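# Overview (structure and organization)
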Amino acid sequence: MRNIKFIVIHCTATPPLTPVSAIQNYWRTQLHWKNPGYHYILPADGTVQRLLDEELIANGVRGHNDVCIHVSYIGGVDEDNNPRDTRTLAQKTALYYMVCLLREKYPAAVVQGHRDFAGVHKACPSFDVKDWLKEFVP
Ligand SMILES: [Zn+2]
C-alpha cells in the first residue's frame, strides 16, 4: 500500500457545471498527463466519481503526489474566474463523506487544502479546509 500522508482537497477552478469528461480531456490533450489530476471528483449533484485507483499516483500537487490522495469538487471560481466557494450542499455532504471514508482508511494522513502546502500560490480549493472540518467536531 502507498504511504499516504495527505488527503488533499481541491477545486477544479472551472464553472460548477463543467462535465467531468471536459476536465479529463483538458488533462490529456492540454497537459499531456497520463494519469488524472485527482482520484475522486465531485460534480455539483453530490455524486462521487472515482477517476483513479488509490494505489496509483494522481497529479494534484507537484512534488507531493506520491504521498497524496486527491479529492476535488467541480467549481471553485465565480463568473469572472475569481476564487469562490461554489460548493452545493450536496457537494459539501459528498466531500465530507469522502473525508470520513479516507480518514478511516488512512488514519495518519493530514486532511488539508491544496493551498495549504508550502510554496503553493493558488487559492485552490477556494475555502479553508481546516476551518470547514471544525464545523463537524463539537
Ligand atoms: Zn488544487
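Residues numbered from 1 in each chain as written. Predicted model: local features only at pLDDT ≥ 70, side-chain atom pairs only at ≥ 80, totals over all residues. Heavy atoms only, no water.

As annotated in an unreviewed UniProt entry, the chain carries the name N-acetylmuramoyl-L-alanine amidase and is attributed to Chitinophaga oryziterrae.

## Quick look at unusual backbone geometry
With an omega of 10 degrees, the peptide bond running from cysteine 124 to proline 125 counts as cis. On the secondary structure map, proline 125 appears in the loop between β5 (110–113) and α3 (129–134). At alanine 13, a residue that is not glycine, the phi angle is positive and equals roughly 55 degrees. Secondary-structure assignment places alanine 13 in the loop between β1 (6–11) and α1 (20–29). A positive phi is found at asparagine 81, a non-glycine position, where the angle reads about 70 degrees. You can see asparagine 81 is positioned in the loop between β4 (68–73) and α2 (89–105). The class for asparagine 81 is exposed, based on a relative accessible area of 55%. (Helix = DSSP H or I, 4+ residues; strand = E, 2+ residues; numbered from the N terminus. Buried < 20%, exposed > 50% of the residue type's maximum accessible area, 1.4 Å probe, protein only.)

## Focus on the pattern of salt bridges
For the structure on display, the rule yields 4 salt bridges. One salt bridge in this structure joins lysine 134 and aspartate 131, with 3.1 Å as the shortest N-O distance. Taken together, the residues lysine 134 and aspartate 131, both in helix α3 and 3 residues apart, mark about one turn of the helix. In this structure lysine 134 comes out as exposed when scored by relative accessible area, which is 56%. (Salt bridge = Lys/Arg side-chain N within 4 Å of Asp/Glu carboxyl O.)

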